[in-house]
Amino acid sequence: MKQQRNRWIAAALACGLLLAGCGTADSGQDSTGVTQSGSAAAAAEPVSREIFAMDTYMTVTAYGEPAQEAVDAAVSEIRRLDALLSIGESGSEISMLNDSGTARVSDDTGVMIDKALELYRDTGGAFDLTILPLMETWGFTDEAYRVPSEEELKTVLQKIGADQLTWDKDSGTIALGEGQKMDLGGIAKGYTSSRIMEIFEQYGVTSGMVSLGGNVHLLGTKPDGTAWRVGIQDPENSAGMLGVLETQDCAVITSGGYERYFEQDGKRYHHILDPTTGKPADSGITSVTIVSEDGTLADGLSTALFVMGVEKASDYWKQHADTFDAVIVAEDGMIYATDGIVDSLSCETDVTVIRQDGS
Ligand code: ADP
Ligand code: MG
């Protein structure tokens with residue numbers, strides 16, 4: 001499978017494609033490439049660095065004169081945020097909060113908590129930053145995977161619910177409910193990619209991109225002024241591509257059940273959990289790609305809409321069409337795209353358009 005995958009990546013690179021949403025189930029790894037072609041190459045040489053952070057492979061690329069400094073600063077920022085947010089490192093801000101149950105948090109964490117709580121309210125609890133005890137129960141935090149009993153789930157579910165925590169935005173103080181633990185993993189990479197775009201802008205970079213575990217965030221256009229081309233992975237085939245999105249100045253973030261999972265007795269259990277059942281979301285969706293200028297929002301929504309299912313996700317988009325667009329792949333093979341993005345999407349298969357008037 002790996003070989004096939006590499007061939008596909010090589011083909012994509014030859015076409016000047018960025019790849020989004022292409023984590024592999026076996027390693028959680030991601031391969032992402034950027035290349036330039038034709039006049040793009042003439043316009044500017046890219047500076048690119050690859051690093052491993054936040055449990056995934058990342059590529060940071062910027063074009064133009066201040067690119068080296070901007071890319072170095074972006075990499076430092078990724079390392080800083082990784083150290084701050086890691087739930088695997090006992091000294092991280094999040095780990096210390098989870099140990100003590102209350103803390104005054106840094107500005108970055110405060111912004112993420114704020115956004116996560118807004119998403120919790122807006123999505124009817126589909127996005128829930130207190131999901132960690134469930135992630136631990138299923139073994140997703142230490143790869144000691146197991147299927148918990150209904151009884152055990154019932155007990156753990158009592159600790160789930162962002163309505164049980166207290167957040168004082170003014171002082172930046174959070175107090176978790178009894179036995180609660182916080183997990184910003186559903187938005188951390190989107191927040192990070194947004195920070196990188198800000199850093200690029202501070203350095204005067206006008207064209208650049210970052211890929212964090214298959215999530216892509218784009219600054220400006222390609223240096224030749226044309227749109228970036230982002231490949232969206234086929235959730236059913238890690239070597240295949242579902243379609244290509246032509247876009248600029250936005251985040252393209254995919255959540256899929258194929259990204260991290262284990263199998264037991266022939267059944268697959270993935271890492272996006274439904275906070276109401278305590279089990280891997282079984283909503284009939286195989287992947288959700290969110291396109292938005294706001295990386296944090298895009299990341300959170302890719303997780304939340306996956307939990308909601310096609311119908312609720314469509315309704316949600318209709319209420320919030322000014323802030324994002326989405327491509328949703330369902331288990332039955334249907335591909336849905338919201339009105340705002342369908343013209344920028346090329347797919348081999350038919351696409352059902354989600355329109356605001358419901359037509
Ligand atoms: P990935 O980070 O693997 O690209 P997602 O953006 O969908 O994929 O985030 C999944 C992560 O979000 C999980 O690893 C877990 O930390 C967290 N998570 C899982 N289910 C939920 C949920 N319902 N609400 C909020 N966070 C969740
Ligand atoms: Mg997410």
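On a predicted model such as this, the values are computed, not experimentally measured, just so you know. Numbering of residues starts from 1 in every chain and runs along the sequence as written. Chain A is the first chain written and ligand 1 is the first ligand written, with later ones labelled in order. For a predicted model such as this one, the threshold for reporting local features is a pLDDT of at least 70, and the threshold for listing and counting side-chain atom pairs is 80 or more; totals across whole chains, interfaces and linings nevertheless cover every residue.

What follows concerns the overall build of the chain. If you tally the helices and strands in the chain, you get 10 helices and 18 strands. Classification of the 359 residues of the chain by burial places 46% in the buried group. Helix and strand assignments come from DSSP, with helices taken as H or I runs of at least 4 residues and strands as E runs of at least 2, each series counted from the N terminus. Partly exposed residues are those whose C-beta has more than 12 but fewer than 20 other C-beta atoms within 10 Å; with 20 or more the residue is buried, with 12 or fewer it is exposed, and the C-beta atoms are placed from the backbone.

For each residue, a C-beta atom is positioned from the backbone; the residue is called near a molecule or strand if that atom sits within 6 Å of it. By nearness alone, 21 residues border ligand 1, and Gly185, Gly186, Ser255, Leu273 and Thr303 come closest of all. Residue contributions to the shell around ligand 1 peak at four residues, all from helix H9 (residues 295-308). Note on residue classes: Ala, Val, Leu, Ile, Met, Phe, Trp, Tyr, Cys and Pro are nonpolar, Asp, Glu, Lys and Arg are charged, and everything else, Gly too, is polar. Residue composition of the shell around ligand 1, grouped by class: eight nonpolar, seven polar and six charged.

Within the secondary structure, Leu119 sits in helix H5 (residues 107-122). Leu119 sits in the buried class, given 24 other C-beta atoms within 10 Å. Sequence separation between Leu119 and Leu129 is 10 residues, and the spatial gap between their C-alpha atoms is 9.3 Å. By definition, residues are in contact whenever their C-beta atoms, placed on the basis of the backbone, come within 7 Å of each other. Once you skip the residues sitting within four places of it in the chain, Leu119 turns out to touch Phe127, Gly300 and Ala304.

The sheet contact formed by strand E2 (residues 46-53) and strand E3 (residues 56-63) spans eight bridges and is antiparallel. Looking at the pairing, Ile51 lines up with Met58 of E3. A pair of strands is considered paired only if DSSP assigns at least 2 bridges between the two. Following E2, the chain reverses through two residues before pairing antiparallel with E3; Met54 in that reversal takes a positive phi of roughly 50°.

Our next topic: the sheet that holds strand E4 (residues 102-104). Taken in spatial order, the three strands make up an open sheet running E4-E6-E5, and their pairing is antiparallel. One side of each edge strand has no neighbouring strand; the edge strands of this open sheet are E4 and strand E5 (166-168). When the angles between neighbouring strand axes are averaged without regard to direction, this sheet yields 5°. Strand direction decides the pairing type here: E5 and strand E6 (residues 173-175), joined by three bridges, are antiparallel. Bridge pairing in E6 links Thr166 to Ala175. Lines fitted to the C-alpha atoms define the axes, with helices restricted to the stretch that makes contact. Angles between their N-to-C directions range from 0 to 180 degrees.

Attention now moves to the environment of Thr254. Take Thr254: it is sitting in strand E11 (residues 251-256). Accessibility expressed as a C-beta count within 10 Å gives 29 for Thr254, which makes it buried.

The next point concerns the confidence of the model for the chain. Values of pLDDT, the confidence the predictor places in each residue, fall between 0 and 100. Here the chain averages 89 in pLDDT, while 87% of its residues score no lower than 70. For residues 1-15, every residue scores under 50 in pLDDT, and the model assigns this stretch 17 contacts once sequence neighbours within four places are set aside. Note on residues 22-42: pLDDT is under 50 here. Beyond four places in sequence and across chains, it has 50 contacts.

So, about the nonpolar core. One finds Phe200, Leu305 and Ile328 to be the most contacted residues of the largest nonpolar core, which totals 91 residues. For this core, the leading source of residues is H9, giving eight residues. Apart from the residues within four sequence positions on either side, Leu305 is in contact with Val288, Ala313, Tyr316, Ala326 and Ile328. For this analysis, nonpolar core means a set of buried Ala, Val, Leu, Ile, Met, Phe, Trp, Tyr and Cys residues linked through C-beta atoms within 7 Å.

Taken in spatial order, the nine strands make up an open sheet running E2-E3-E7-E8-E11-E14-E15-E16-E18, and their pairing is mixed. Strands with a single pairing partner mark the edges of an open sheet, and in this sheet they are E2 and strand E18 (352-354). Taken pair by pair, the neighbouring strands of this sheet meet at an average axis angle of 15°, ignoring direction. Running over the sheet, helix H3 (residues 67-85) touches E2, E3 and strand E7 (208-212) and is turned about 15° from E2. Where helix H8 (residues 188-202) meets the sheet, it contacts E3, E7, strand E8 (215-219) and E11, and its direction lies at approximately 20° from that of E8.

Another aspect to go through is the packing of H3 against H8. Relative orientation of the contacting elements H3 and H8 amounts to 150°, with a least axis distance of 9 Å. Taken as axis vectors, H3 and H8 run roughly antiparallel relative to one another. Where H3 crosses over H8, the two elements pack in a sense that is right-handed. On H8, the residues that touch Ala70, Ala73, Ala74, Glu77, Ile78, Leu81 and Leu85 of H3 are Ala188, Thr192, Arg195, Ile196, Ile199 and Phe200. Split by residue class, the contact of H3 with H8 holds 10 nonpolar, one polar and two charged. Angles are sorted into four bins: roughly parallel if under 35 degrees, roughly antiparallel if over 145, roughly perpendicular if 65 to 115, and oblique for all others. Left-handed describes a crossing whose near helix is turned anticlockwise from the far helix through less than a right angle; right-handed describes the clockwise counterpart.

Our focus in this paragraph is the packing of H8 against H9. Between H8 and H9, the least distance of the axes is 7 Å, while the angle of their chain directions is 160°. Relative to H9, the element H8 is oriented roughly antiparallel. Once H8 is placed against H9, the crossing between them reads as right-handed. Side by side, H8 and H9 meet where Lys189, Gly190, Tyr191, Ser193 and Ser194 of the first sit next to Gly295, Thr296, Ala298, Asp299 and Gly300 of the second. Classifying every residue of the contact of H8 with H9 by side-chain character gives two nonpolar, six polar and two charged.

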